[in-house]
Amino acid sequence: MNRFTIDHLISKRASKRESSHFTSGPQETPPVGFKPHPDPLLLSYGAPNNGFFPIESSKVNLVDYPFQHQDKLERDYFEENTHSVNITRYTTNPDLIDLSTGLQYAAVEGHKPLLQFTKDFIKRTHNPNYNQWESILTTGASDGLNKACDAILDVGDVILIEEFTFTPFLRFVNNAGATPIPIPIDFSPESNGINLNYLTEMLGNWSNKYPDLPKPKALYTIATGQNPTGLTQTFQFRKQVYKLAELHDFIIIEDDPYGYLTLPRYGTTTTTTTTTAAAAAAAAAPKEVTVDEYLKSHLTPSFLEIDTRGRVIRVETFSKLFAPGLRLGFIIAHESIIKVIKNYSETVNRGASGLSQLVVNNVIHDKFGGVDGWIGWILKMRQTYSQRKDLLLKTIFESKAYQQGLVDVIDPQAGMFVTFKIKFLDGRNQEEITTKMKQLLWKTISYGVRVVSGSNMSVDANFSSERSNFFRLCYAPANNDKEIIESGKRLTNAVLEFYNNGEKY
Ligand SMILES: Cc1ncc(COP(=O)(O)O)c(C=O)c1O
């Protein structure tokens, strides 16, 4: 395929930034007869020799499956554990990052072995449909999203956003001086999230609908296990959205922290309450899935797999699959977008932490055994999330509130969120929904369960108030199954009492 650019969609701010470093030496053409020395010594960089680093080596002990630590006394666990990674000051293995390298200044795009891993991982999971793509490490998805906004959005530009979303994203839009425009979410059964008819019509009639605004430069979407609704767009649906992106010439920023945690439909696996993590892992049904089956039949394809023109920026993170405190993620996009993101990284943070990179890289290479081994760990997490999701749904389905038709849920196909809909508020006017949801939130708090109101995650509370009669439930933070069941009971009892009390606190 011929080489192509996407430069017309890059922001003026990002295009103007230049990258150079004061240690890089003269830029002019060398004088006639100049010969470089074969073994130059460095009195240039301000990089401390690794002999100044106080850490000699480090040992990282791993678990075999999520929550394994709950099954054993810590002392026993560490005495028996042979599942550990030794991180040394030096290594000759090119797949590993040693301390002398990981703790040193490094290329802003990331250390080579981990950067290569992100590319191999993407090729295995969501192989892009063109060749001119690149990867860069970030300090988590938040950093990735901010950099994606900087790369595309100038002051006055417009970006489309699912009406309920990961609202910190609005800060990144604001930072770039752009205007967010919400797109309604379709809450009907088998929904793909975005209301496609609305989006098509809106783009087709843009200048009538928004005479003072330029046409959108980008669409931000959490296409799999959406935050907060849990909805997932099918591959077919993504193709339709991508067609609109081509027709109206905009970028798709695909934020996907949850997509790898695919979840079977409720009722297709056995739901048991377990007392130990080992039993939970054993009881959850999707364990039989092999890596190949998972990739072929469970993982929803990314927009990258449709993209032929470099108009997709995919933002990934290790926060939900490894740990959020690492502050580590990566972006896959067209090489010219990655180039401007690299320049911005030089301005804002000089890339991701070397310590985080070396821990993640060496654990994945040394113990999980590379890409497929890492996917194997994801499959174990998926088991536990699947078990939790089904337990929460089971508790809700068995409640009086559900059985009396007062509430409904969306069974997510991926991720950590269930939409808990307050059905008796369906069809009410905006004002009533807003006041009653606020009152109901107080009731849930008094029952001892914390949830997030849909309206708290809206781009524009007024625009979305008629569809705001839901709470986002997240089954990720609970300590164990018992807590999940108890949360479901408290929540549904709170709703029942609120309803029986004439829809009042
Ligand atoms: C949709 C979405 N994007 C991005 C993030 C931020 O991820 P990170 O911790 O990697 O910055 C989150 C975190 O909850 C999220 O839900």
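Keep in mind it's a predicted model, so treat the numbers as computed, not measured. (Residues numbered from 1 in each chain as written. Predicted model: local features only at pLDDT ≥ 70, side-chain atom pairs only at ≥ 80, totals over all residues. Heavy atoms only, no water.)

Draft legend 1. Inspection of the pairing of strand β7 (residues 251-255) at higher detail. Here β7 lies mainly inside the structure; 5 of its 5 residues are buried. Of the two faces of β7, the one carrying Ile 251, Ile 253 and Asp 255 and the one carrying Ile 252 and Glu 254 are both buried. Note: strand β6 (residues 218-221) against β7, 4 bridges, orientation parallel. Directly across from Tyr 220, in β7, lies its bridge partner Ile 253. Each parallel crossover has a hand, and the one from β6 via helix α9 (residues 235-248) to β7 is right-handed. (Buried < 20%, exposed > 50% of the residue type's maximum accessible area, 1.4 Å probe, protein only. Helix = DSSP H or I, 4+ residues; strand = E, 2+ residues; numbered from the N terminus. Pairing = 2+ DSSP bridges. Right-handed = clockwise from strand over helix to strand, strands pointing away.)

Draft legend 2. Focus on the pattern of salt bridges. All told, the structure shown has 26 salt bridges when counted by the stated rule. With a shortest N-O distance of 2.8 Å, Arg 17 and Asp 150 are connected by a salt bridge. With Arg 17 in the loop between α1 (12-16) and β1 (57-61) and Asp 150 in helix α5 (residues 141-152), the pair connects residues that are 133 residues apart, well separated along the chain. The same class applies to Arg 17 and to Asp 150, which are both buried. In this structure, Arg 314 and Glu 254 form a salt bridge, with 2.9 Å as the shortest nitrogen-oxygen distance. Of this pair, Arg 314 sits in strand β8 (residues 312-317) while Glu 254 sits in strand β7, placing them 60 residues apart in sequence. Comparing Arg 314 with Glu 254 shows no difference in burial state: the two are buried. Each member of the salt-bridge network shares a partner with another, and the members are Arg 238, Glu 254, Asp 256, Arg 314 and Glu 316. (Salt bridge = Lys/Arg side-chain N within 4 Å of Asp/Glu carboxyl O.)

Draft legend 3. Summary view of the nonpolar core. Core analysis: the largest hydrophobic core is formed by 98 residues, its most contacted members being Trp 374, Phe 420 and Ile 422. By residue number, the principal contributor to this core is helix α14 (residues 371-397), which donates 12 residues. When residues of this core are assigned to domains, at least three fall in each of domain 1 (109-262 + 299-344) and domain 2 (386-500). Sequence-distant contacts of Trp 374, defined by excluding residues within four places in its chain, comprise Phe 117, Phe 121, Phe 318, Leu 321, Phe 322, Ile 364 and Phe 368. Ala 141, Cys 149, Ala 218 and Val 459 belong to the second-largest nonpolar core, a separate cluster that totals 34 residues. (Core = buried A, V, L, I, M, F, W, Y, C linked by side-chain atoms within 4.5 Å. Domains from an automatic or database assignment. Contact = heavy atoms within 4.5 Å.)

Any link to function would need more than the numbers given here.
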